Amino acid sequence: MTEQRTLLLTGASRGIGHATVKHFNAAGWRVFTASRQNWTEGCPWAEGELNHIHLDLEDIDEVRRSLPLIREKLGGRLDALVNNAGISPKGEAGARLGVLESDYATWLSVFNVNLFSTALLAQGLFDELKAAQGSVINVTSIAGSRVHPFAGVAYACSKAALAALTREMAHDFGPHGVRVNAIAPGEIETSILSAGTELIVDQQIPMHRLGKPEEVASLVHFLCTRGASYINGSEIHVNGGQHV
């Protein structure tokens, strides 16, 4: 009998993360979620509340302290670590925070959540990933490779750095049988879309529509399966052609 595979995903409460845990659960995986939000009944599987880990990724000391508990819950193996959590602070009325508007506290907060915690989780759970010959998926962004009208500078720089971290992790983890890839979503239909996104859809996306969270979730799942067994160190765009 094949052993049930295990997923740990950060930032599962909405959007892409929520769709991804639902997709993996439907595929028969054991799902663990980690976020600073409490468990919600919107994720309908029996073990969900038990397998939810309250974790504030902005607090790096808390990330370190939580690693023994996470390891205990995983039970020695981790087939997929999906680093989906991310924050993008806004100014008044949702204004973009550029270089002139971003103070050190903003930079530090964003990089703790979007980059540093990702590296520390992968480092701390490496033995479990190696035992399962697992995969790491980092969720970057189209904003990591081009100036975006809504994404602030700290967010954009953190996602560019996360793409670089993906390459570094692929290089370091690959010899141990652990693959590391990234997906870079564009405009995905979630509750946090900014006003004016419709102009991007009309003017910049050849497919003239938003992406659906499930379209991202299905790619994440594929990258964690045997069909993607030779894909390592890649950043895959999921944006309907917005990057071309």
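Let us look at the structure shown here. Keep in mind the model is a prediction, meaning the values are calculated, not measured.

## With respect to the overall build of the chain
And step 1. For the chain, the count of helices and strands is seven helices and seven strands.
And step 2. Tracing the chain from N to C terminus, the helices and strands come up as β-α-β-β-α-β-α-α-β-α-β-α-α-β.
And step 3. Computed over C-alpha atoms, the radius of gyration of the chain comes to 17 Å, within 12% of the 18 Å expected from 2.2 N^0.38 for 244 residues, which places it in the range of a compact globule.
And step 4. Its C-alpha atoms put the chain at 50 × 40 × 40 Å along the principal axes.
And step 5. Within the chain, the fraction of its 244 residues that count as buried is 51%.
And step 6. The contacts in the chain between residues at least 6 apart in sequence include a share of 72% that link residues at least 24 apart.
And step 7. Per element, the accessible surface of the chain, about 11,700 Å² overall, is 53% carbon and sulfur.
And step 8. The chain carries 20 positive and 25 negative side-chain charges, and their two centres are separated by 5 Å.

## Some words on empty space enclosed by the protein
And step 1. Evaluated as defined, the whole model comprises two cavities of 30 Å³ or more.
And step 2. Estimates place the volume of the second largest cavity at around 30 Å³.
And step 3. Lining the second largest cavity, in full, are P89, L97, S102, T106, G152, V153, A154 and Y155.
And step 4. When residues in the lining of the second largest cavity are grouped by element, the largest group, three residues, is from helix α5 (residues 153-173).
And step 5. Here the lining of the second largest cavity is composed, by residue class, of five nonpolar, three polar and no charged.

## Brief notes about the layout of surface pockets
And step 1. Looking at the second largest pocket, its volume works out to about 300 Å³.
And step 2. Contributing to the lining of the second largest pocket are R5, D79, A132, Q133, G134, S135, G177, R179, C224, T225, R226 and S229.
And step 3. Residue composition of the lining of the second largest pocket, by class: two nonpolar, six polar and four charged.

## Quick look at helix α7 (residues 213-223)
And step 1. Turning to α7, its buried residues are P213, V216, A217, L219, V220, H221 and L223.
And step 2. Those residues of α7 that are buried lie in contact with α1 (15-26), β4 (80-83), β5 (135-139), β6 (179-185) and β7 (235-238).

## Section: the nonpolar core
And step 1. Within the largest apolar cluster, 32 residues are counted, with the highest numbers of intra-cluster contacts made by L8 and I70.
And step 2. Of all the secondary structure elements, the ones that give two or more residues to this core are β2 (30-35), α2 (60-74), α3 (104-124), α4 (126-132) and α5.
And step 3. Listed in part, the 21 residues of the second largest apolar core include L9, A12, I188 and A228.

## Examining unusual backbone geometry
And step 1. Look at A93: it is not a glycine, yet its phi comes out positive at around 60°.
And step 2. Summarising the element assignment, A93 is placed in the loop between β4 and α3.
And step 3. On the accessibility criterion, A93 (92% relative accessible area) is exposed.

## Regarding the pairing of β6
And step 1. When you tally the buried positions in β6, you get seven out of seven residues, the bulk of the element.
And step 2. Neither face of β6 is left uncovered, since the one carrying R179, N181, I183 and P185 and the one carrying V180, A182 and A184 both have all their residues buried.
And step 3. The sheet contact formed by β5 and β6 spans five bridges and is parallel. For N138, the partnering residue across the bridge sits in β6 and is A182.
And step 4. Of the crossover connections in this fold, the one passing from β5 over α5 to the parallel β6 is right-handed.

## Focus on the pairing of β2
And step 1. When you tally the buried positions in β2, you get five out of six residues, the bulk of the element.
And step 2. As defined by bridge partners, strand β1 (residues 6-10) adjoins β2 across five bridges and the pair is classed as parallel. Each residue of the ladder has a partner; that of T6, found in β2, is R30.
And step 3. Each parallel crossover has a hand, and the one from β1 via α1 to β2 is right-handed.
And step 4. Across three bridges, the pairing between β2 and strand β3 (residues 52-54) is parallel. The partner of A34 across the bridge, within β3, is I53.

## Quick word on the packing of aromatic side chains
And step 1. The tally for this structure, following the rule as stated, stands at four aromatic pairs.
And step 2. With a centroid separation of 5.9 Å and 50° between ring planes, the pair formed by F111 and F116 is classed as tilted.
And step 3. A relative accessible area of 37% places F116 in the partly exposed class.
And step 4. Following the ring pairs from residue to residue traces out a cluster consisting of W107, F111 and F116.

Scoring rules and cut-offs
For every chain, the first residue of the written sequence is number 1, and numbering continues from 1 along that sequence. Totals for whole chains, interfaces and linings use every residue, but because this is a predicted model, local features are given only for residues with pLDDT of at least 70 and side-chain atom pairs only at 80 or more, for both listing and counting. The side-chain quantities take in all heavy atoms of the structure and omit both hydrogens and water. Secondary structure elements are defined from DSSP: runs of H or I of at least 4 residues count as helices, runs of E of at least 2 residues count as strands, and each element is numbered from the N terminus. Put simply, the radius of gyration uses C-alpha atoms, and a globule should come to 2.2 Å times the residue count raised to 0.38. Here's how the labels work: a residue is buried when its accessible area is under 20% of the maximum for its type, exposed when over 50%, partly exposed in between, all with a 1.4 Å probe on protein chains only. The contact criterion used is simple: two residues touch if any of their non-hydrogen atoms lie within 4.5 Å. Residue-level accessible areas treat just the shown protein chains as cover; the underlying method is Shrake-Rupley with a 1.4 Å probe. When charges are tallied, Lys and Arg are placed among the positive residues and Asp and Glu among the negative ones, while His and the ends of the chain are skipped. Throughout, a charge is located at the NZ atom of Lys, the CZ atom of Arg, the CG atom of Asp or the CD atom of Glu. A cavity here means a set of 1 Å grid points, computed over protein atoms only, where a 1.4 Å probe fits but cannot escape. A pocket is an open set with protein on both sides within 12 Å along at least 5 of 7 lines, and lining residues have an atom within 4 Å of a point. Grid points are joined across faces, edges and corners, and a volume is the space filled by probe spheres set on the points. Residues were grouped as follows: Ala, Val, Leu, Ile, Met, Phe, Trp, Tyr, Cys and Pro as nonpolar; Asp, Glu, Lys and Arg as charged; and all remaining residues, including Gly, as polar. In these notes, a set of buried Ala, Val, Leu, Ile, Met, Phe, Trp, Tyr and Cys residues joined through side-chain atoms within 4.5 Å is what counts as a nonpolar core. In this analysis, strands are considered paired if DSSP registers two or more bridges between them. Viewed with both strands pointing away, a crossover whose connecting path from the first strand over the helix to the second turns clockwise is right-handed. Pairing of aromatic rings covers Phe, Tyr and the six-membered ring of Trp, with a centre-to-centre limit of 6.5 Å; geometry is then stacked below 30 degrees between planes, edge-to-face above 60, and tilted otherwise.

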